[in-house]
Amino acid sequence: MPASTLLKAPTAVAQRQRRANLRRNAFYIALIGVGLVAPFIAYPVFLMKILCFALFACAFNLLLGYAGLLSFGHAAFLATGGYATGYLLASYPGLTPELGILAGTLMATLLGVLFGVLSIRRQGIYFAMVTLALAQLMFFVFIQAPFTGGEDGLHGVPRGELFGVISLRSNLAMYYFVFVIFLLGYALIQRTVHSPFGQVLKAIRENEPRAISLGYNVDAYKLVAFVISAGLAGLAGSTKTVVFQLASLTDAHWHMSGEVILMTLLGGVGTLLGPLMGAGLVVSLQHLLAQSPLGNWVSVILGAIFVVCVLSFRSGIIGELGAIYRKNFK
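Residues numbered from 1 in each chain as written. Predicted model: local features only at pLDDT ≥ 70, side-chain atom pairs only at ≥ 80, totals over all residues. Heavy atoms only, no water.

The name given to the protein chain in an unreviewed UniProt entry is Branched-chain amino acid ABC transporter permease, with Vreelandella aquamarina as the source organism.

Listed below in structure tokens is the structure:
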């Protein structure tokens, strides 16, 4: 093969990669633009709910889609972040919301370390059941603990002033604060996935024995992924508590762990945008159905939609769209 041909091949690959990066960056810029104008088109509180659950689903997807670990107890981290933030902001009026959210995220991260150490050596259904058992333990802690308000939850959590300057009582200001938090969390997940650490996680997901034979400490990688996922789930819960000024047992119930699995599978496991799409669809359907005569059938209808989508789109909505794009436009 001539030397000129050998030189052109890497150049062509680099050009294709550069064009793909430009298209991806343009797509993300367009999405950010949509997010900036969205509160002038739709109700900001509804959009904030979608963003909080989207961050929660993205955190869960980091664990399931890239590390191959199915957790049935991720609601424990969402609730821990929410209760910690709610209690601190309600008990210490001088505490600013960003510090309350950071404290709630830290508490969820520490709980993630504890849960991870206890469960990470298990595999498959055993790992899932251990996480479920630990989450149910936390659920009963939240019922009995005096600072959580029991079944009534924590009400009247103040939004406060961001950095002691910007009032978050306005839904518009609160929306942009939540939007920035979501972007930061999403950027962290994207950076993690595309880093060497993320590539090792994918290798572990695809063939764990081979990853072990290559010398990787598989349990350590899984633990770090679990802790990052737990911390981001806690961030979502903390933010949600500030938005709705409420922390309740709903966030700690095993139903919430099921919902985040539904969001992730519906949008597309192992895709960065899939959980965002899934969270938006699930929250929107819940909102629309709750206001219709079918309000009592929300869970049944969501379950039926989930079954149809899983049977029809095994890779999720974003996964199928990505496959169509690669087949027809690349």
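Having put the structure on the table, let's press on.
Asks: Outline unusual backbone geometry, listing residues and values.
Replies: The phi angle at F163 is positive, at roughly 60 degrees, despite the residue not being glycine. Looking at the secondary structure, you find F163 in the loop between β2 (161–162) and β3 (166–167). Taking relative accessible area as the criterion, F163 reaches 59% and is therefore assigned exposed. Phi at Q245 is positive, roughly 55 degrees, even though this residue is not glycine. (Helix = DSSP H or I, 4+ residues; strand = E, 2+ residues; numbered from the N terminus. Buried < 20%, exposed > 50% of the residue type's maximum accessible area, 1.4 Å probe, protein only.)

Asks: Explain the packing of helix α3 (residues 75–91) against helix α9 (residues 218–244) residue by residue, including any values.
Replies: It is the contact of α3 with α9, at a shortest axis distance of 6 Å, that shows an interaxial angle of 45 degrees. Comparing their axes, α9 and α3 come out oblique. Here α3 runs over α9; the crossing is right-handed. Residues F77, L78, G81, G82, T85, G86 and L89 of α3 lie in contact with α9, whose contacting residues are F226, A230, A233, G234, A236, G237, S238, T241 and V242. Of the residues that constitute the contact of α3 with α9, the class distribution is eight nonpolar, eight polar and no charged. (Axes fitted to C-alpha atoms, helices over the stretch in contact; angles between N-to-C directions. Parallel < 35°, antiparallel > 145°, perpendicular 65-115°, else oblique. Left-handed = near helix turned anticlockwise from the far one by under 90°. Contact = heavy atoms within 4.5 Å. Nonpolar A, V, L, I, M, F, W, Y, C, P; charged D, E, K, R; others polar.)

Asks: How would you summarise the pattern of salt bridges if you had to cite specific residues and measurements?
Replies: Scanning all chains against the criterion turns up four salt bridges. A salt bridge links R121 to D219; the shortest N-O distance between them is 3.1 Å. Here R121, found in the loop between α4 (97–119) and α5 (124–144), pairs with D219, found in helix α9; they are 98 residues apart in sequence, far enough to count as distant. In this structure, E208 engages K222 in a salt bridge whose closest nitrogen and oxygen atoms are separated by 2.9 Å. Placement of E208 in helix α8 (residues 208–213) and of K222 in helix α9 is noted, with a sequence separation of 14 residues between them. An identical accessibility class is assigned to E208 and K222; each is buried. (Salt bridge = Lys/Arg side-chain N within 4 Å of Asp/Glu carboxyl O.)

Asks: I'd like a rundown of the side chain of S119, residues and numbers included.
Replies: For S119, the location among the structural elements is in helix α4. For S119, a relative accessible area of 0% translates into the label buried. Not counting chain neighbours up to four residues away, the residues in contact with S119 comprise F127, V130, T131 and F226.

Asks: I'd like a rundown of a positive patch on the surface, residues and numbers included.
Replies: Where like charges cluster on the molecular surface, the positive patch consists of R16, R18, R19 and R23. Assessed through its relative accessible area of 40%, R23 is described here as partly exposed. (Patch = residues over 30% accessible without salt bridge, like charges linked within 9 Å, V, L, I, M, F, W, Y side chains within 5 Å. Areas by Shrake-Rupley, 256 points an atom, 1.4 Å probe, with all protein chains shown as cover. Lys, Arg positive; Asp, Glu negative; His and termini not counted. Charge placed at Lys NZ, Arg CZ, Asp CG, Glu CD.)

Asks: Break down the state of the cysteines for me, with residues and values.
Replies: In a disulfide, the sulfur atoms of two cysteines are held together by a covalent bond. Inspection of the entire model under this criterion finds zero disulfides. Sulfur of C52: no disulfide; nearest cysteine sulfur belongs to C58 and is 12 Å away. By relative accessible area, C52 is classed as buried at 4%. Given a relative accessible area of 4%, C58 falls into the buried group. (Disulfide = S-S within 2.5 Å.)

Asks: Residue-level account of the packing of aromatic side chains, with values.
Replies: Under the criterion given, the structure shown has 12 aromatic pairs. Between Y83 and F142, the ring centres sit 4.7 Å apart and the planes meet at 25 degrees, which makes this aromatic pair stacked. Pair noted here: Y83 is in helix α3 and F142 is in helix α5, with a separation of 59 residues, a long-range link. Taken together, a centroid distance of 6.0 Å and an interplanar angle of 85 degrees make the contact between F127 and F226 edge-to-face. With F127 in helix α5 and F226 in helix α9, this pair connects stretches of sequence that are 99 residues apart. Side by side, F127 and F226 carry an identical accessibility label, which is buried. Members of the aromatic cluster, each reached through a chain of ring pairs, are F77, F115, F127 and F226. (Phe/Tyr/Trp six-rings, centres within 6.5 Å; stacked < 30°, edge-to-face > 60°.)

Asks: How would you sum up the packing of helix α11 (residues 274–290) against helix α12 (residues 298–312)? Please name residues and give values.
Replies: At a minimum axis distance of 10 Å, the contact between α11 and α12 shows a crossing angle of 140 degrees. In terms of orientation, α11 lies oblique with respect to α12. The crossing of α11 and α12 is right-handed. Where α11 abuts α12, its residues V282, L285, Q286, L289 and A290 lie against V298, I301, L302 and I305. The residue inventory of the contact of α11 with α12, partitioned by class, reads eight nonpolar, one polar and no charged.

Asks: Could you give an account of the nonpolar core, naming the residues involved and the relevant values?
Replies: Counting residues in hydrophobic clusters, the biggest one holds 84 residues, and the most contacted among them are F56, F77, F115 and M174. Looking at which element gives the most residues to this core, the answer is helix α2 (residues 44–67), with 19 residues. Residues within four places of F115 in sequence aside, it is in contact with A76, F77, L134, A135, M138 and F226. (Core = buried A, V, L, I, M, F, W, Y, C linked by side-chain atoms within 4.5 Å.)

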